[in-house]
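Structural characterization, general
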Amino acid sequence: MNGLALQFKGVSKLYPGAADPAVRDVSLAVEEGSFVTLLGTSGSGKTTLLKMVNRIIEPTSGSITLFGRDIRERPATELRRGIGYVIQQTGLFPHMTVEQNISTVPDILGWDKSRVSARVSELMELVRLPEDMRKRYPRQLSGGQQQRVGIARAMAGDPKVLLMDEPFGALDAITRSSLQDELLAIQRRLGRTVLFVTHDVSEAFKLGDRVVVMNGGVIEQAGTPLELLTRPATDFVRQLTGGDDLFQLLELLKAEDRMLPLSAESMLPESAPSVQRTDSLKSALEQMLRHGASEAAVVNEQGEAVGRLTLDRLQPQPREGGADVGVFAETL
Amino acid sequence: MVAEAYRYITENRERFWEAVQTHVTISLYALLIAAAICIPLGVLCAKYSRLTAPVMGLFNSLRVIPSLAVLVILLPILGTGFTPALAALTLLACPPILINTYLGFRKVEPSVREAASAMGMGAGRLLRRVELPLAAPLMISGLKTAAVEVVASATLAAFIGGGGLGTFIINGLGLYNFPMLLVGALPVAALAVLMELVLSGLERYASKFQRI
Ligand SMILES: Nc1ncnc2c1ncn2[C@@H]1O[C@H](COP(=O)(O)OP(=O)(O)OP(=O)(O)O)[C@@H](O)[C@H]1O
Ligand SMILES: [Mg+2]
């Protein structure tokens, strides 16, 4: 089991002059290496909660620890150099080139020139920015490219924790979706802890190992996407996630979650389409409908058949939630 | 007539160069002192909104007083000569520098500032690496306005015995000596154009990132 990257203990924030706290008595543990999405409507306190981690906002009460150390132990500037931060408006420095933007933190940390330059190349490759954009200014880039620079800049100092506040909010659906995929791939590869704010339910579900639903400054529920869908703790969560929306569920479940073992007597017909074991049930259904088949073969990465799916198996199974969850030790 | 003016210059080379020197010196001093006072003041106004209204109000009201009037007002306090002329020119240079510094700093996006401090920049680094470069184009443009105004107005310094190229103009006017008037006026115009060109070049350089 991994250790805890972040722990909020009874954290509240009351802005001066406000009647109600923006964040109220929030306790949350974030495991090292996990991708946690903060989901909630506008004004629910997501940004406030996020900004308390790097002390852009100081909590009114409660404490936050980063890898077991209280964040107030160190000077804010020092703490921040170890935490990546990405925001929707990108906050890129308009007078600096892509290269200079990305090397902000390495420069502050006093790395030598060749090391900074190598790091910039590495990061530009990681976020898939062509090398010839190195000398461009932010305004010469598209919104999606700017956001890539923002992510590269946040990761430059190799922070263990990455805070992201609606980084893809202003992008079109296609760019957004491909950036989501890339972010996921990067996170899987590097094993960084990510705290990601969004008000988009499907984004939260797609990215988060764990989704934290906020409303009115409190956490309504924290759990895996499947848990939230199958066992919503409150009406608010039920409403937000669309309750037992079958399509959402099909999107979250993978072919291997429902496949039946192969057996000699149940030979698949020639016409049956094949789906990857990690494909969602939704895409499996799509394949079956497209081929007019009632069965599909499930194959592994090498293309070998490892099981089969039938239309029956796509129906909601009784007490699915109970069987599939339990991945996370609930720490609330 | 221009030829006559030229002859006058060659004949009075020393006097002419001394006047040019005084003119340039008094203008540059005025600009430097104004910048040294008004750039920090503009930055403070941008950071602390409580300061904005009183400081801006004060300098804007100074702006409407004609420079000659400032000279005359200062006369009884500082007497005649170089110092009161310098003081008047400094006052004249202040408003554009102050206002443009203020505007330049206010124009820095809050998200850019927030990102900078979230990256772990301290206040000093934020100022040097982010705020100043971003405000620079506007600041230089303010400096340009001030420089042209000061070079032109330094002519008036001669009225209170401050010396400079204005001396030729006053004498020329007094003696109905047109060539002599040109000896003062042409170099003043040339200096103003030179200032404008140099600072425009600087401004273009500083705003490169906005234009590409
Ligand atoms: N600097 C501030 N001063 C006073 N109140 C604030 C401040 N920032 C946020 N608030 C208030 O705190 C509450 C929570 O704001 P917050 O920005 O955390 O919400 P959010 O969940 O991020 O919303 P959104 O999805 O719109 O970004 C809101 O009611 C907001 O008006
Ligand atoms: Mg927000």
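Residues numbered from 1 in each chain as written. Chains lettered and ligands numbered in written order. Predicted model: local features only at pLDDT ≥ 70, side-chain atom pairs only at ≥ 80, totals over all residues. Heavy atoms only, no water.

Structural notes on the overall build of chain A
Secondary structure summary: chain A contains 14 helices and 13 strands in total. For chain A, the C-alpha radius of gyration of 22 Å lies close to 20 Å, the compact-globule estimate for 332 residues. Once the C-alpha set of chain A is aligned to its principal axes, its extents read approximately 70 × 50 × 35 Å. Looking at chain A alone, contacts between residues at least 24 apart form 65% of all its contacts between residues at least 6 apart. Per element, the accessible surface of chain A, about 15,100 Å² overall, is 48% carbon and sulfur. Where the 38 positive side-chain charges of chain A centre and where its 43 negative ones centre are 7 Å apart. (Helix = DSSP H or I, 4+ residues; strand = E, 2+ residues; numbered from the N terminus. Rg over C-alpha atoms; globule rule 2.2 N^0.38 Å. Contact = heavy atoms within 4.5 Å. Areas by Shrake-Rupley, 256 points an atom, 1.4 Å probe, with all protein chains shown as cover. Lys, Arg positive; Asp, Glu negative; His and termini not counted. Charge placed at Lys NZ, Arg CZ, Asp CG, Glu CD.)

Focus: the packing of helix α7 (residues 123–153) of chain B against helix α9 (residues 178–206) of chain B
The relative placement of two packed helices is expressed as an angle between their axes plus a distance between the axes. All names here are of chain B. At their nearest, the axes of α7 and α9 sit 9 Å apart, and the two run at 175 degrees to each other. In terms of their interaxial angle, α7 and α9 are classed as roughly antiparallel. Across the interface between the two elements, Ala136, Pro137, Ile140, Ser141, Leu143, Lys144, Ala147, Val148, Val151 and Ala152 of α7 pack against Val188, Leu191, Ala192, Met195, Glu196, Leu199, Ser200, Leu202, Glu203 and Ala206 of α9. Its residues placed into classes, the contact of α7 with α9 shows 15 nonpolar, two polar and three charged. (Axes fitted to C-alpha atoms, helices over the stretch in contact; angles between N-to-C directions. Parallel < 35°, antiparallel > 145°, perpendicular 65-115°, else oblique. Nonpolar A, V, L, I, M, F, W, Y, C, P; charged D, E, K, R; others polar.)

Some details on the layout of surface pockets
Within this model, the second largest pocket holds a volume of roughly 380 Å³. As for the second largest pocket, its lining consists of 15 residues, and the residues nearest its centre are His95, Met96, Gln100 and Tyr137 of chain A together with Pro133 of chain B. Listing elements by their share of the lining of the second largest pocket, those giving two or more residues are α4 (104–109) of chain A together with α7, α9 and α10 (208–211) of chain B. Considering only residue class, the lining of the second largest pocket consists of eight nonpolar, three polar and four charged. (1 Å grid on protein atoms, 1.4 Å probe; cavity = no way out; pocket = protein on both sides within 12 Å on 5 of 7 lines; lining within 4 Å. Points joined across faces, edges and corners; volume = space filled by probe spheres on them.)

Thoughts on the site of ligand 1
All names here are of chain A. Taken together, the neighbourhood of ligand 1 is formed by Tyr15, Ala22, Thr41, Ser42, Gly43, Ser44, Gly45, Lys46, Thr47, Thr48 and Glu166. In the environment of ligand 1, an oxygen atom lies 2.5 Å from a nitrogen or oxygen atom belonging to the side chain of Ser42. Take Gly43: an N or O atom from its main chain is 2.8 Å from an oxygen atom of ligand 1. Here ligand 1 has 630 Å² of accessible area as a free molecule, and 55% of this is covered by the chains. A class-by-class count of the residues in the shell around ligand 1 yields two nonpolar, seven polar and two charged. (Near = heavy atom within 4 Å. Polar contact = N/O pair within 3.5 Å; in protein donor to acceptor, adjacent residues only side chain to side chain.)

A word on the domain arrangement of chain A
Its domain assignment divides chain A into domain 1 (4–247) and domain 2 (252–331). The centre of domain 1 of chain A, based on its C-alpha atoms, is set 33 Å off from the matching centre of domain 2 of chain A. (Domains from an automatic or database assignment.)

Considerations on the sheet that holds strand β6 (residues 83–87) of chain A
All names here are of chain A. Read across the sheet, six strands follow the order β6-β7-β8-β3-β9-β10 without closing on themselves; strand pairing throughout is mixed. Only two strands of the sheet have a single neighbouring strand rather than two, namely β6 and β10 (218–223). The average angle at which neighbouring strand axes cross in this sheet is 15 degrees, direction not considered. Taken together, the five bridges between strand β3 (residues 35–40) and strand β8 (residues 193–198) define a ladder with parallel strand orientation. In the strand pairing of β8, Leu38 is matched with Val197. Along the sheet, helix α7 (residues 173–190) makes contact with β3, β7 (161–165) and β8, crossing β3 at roughly 140 degrees. (Pairing = 2+ DSSP bridges.)

As for the pattern of salt bridges
All names here are of chain B. Using the criterion set out here, one finds 24 salt bridges over all chains in the structure. A salt bridge links Arg7 to Glu11, with the nearest nitrogen and oxygen atoms 3.8 Å apart. Of this pair, Arg7 and Glu11 both sit in helix α1 (residues 2–11), four residues apart, roughly one helical turn. (Salt bridge = Lys/Arg side-chain N within 4 Å of Asp/Glu carboxyl O.)

Some points on the packing of α1 of chain B against helix α2 (residues 13–47) of chain B
All names here are of chain B. Close contact between α1 and α2 brings their axes to 5 Å; oriented N to C, the two are set at 95 degrees. Overall, the two elements α1 and α2 adopt an arrangement that is roughly perpendicular. Residues Tyr8, Ile9, Thr10 and Glu11 of α1 form the contact with α2, whose participating residues are Arg13, Arg15 and Phe16. Partitioning the contact of α1 with α2 into residue classes produces three nonpolar, one polar and three charged.

So, the pairing of strand β1 (residues 4–13) of chain A
Residues and elements named next belong to chain A. Here β1 runs beside strand β2 (residues 23–31); their pairing, made up of six bridges, is antiparallel. Each residue of the ladder has a partner; that of Leu4, found in β2, is Glu31. Across five bridges, the pairing between β1 and strand β4 (residues 61–66) is antiparallel. What sits directly across from Ser12, in β4, is Ser61.

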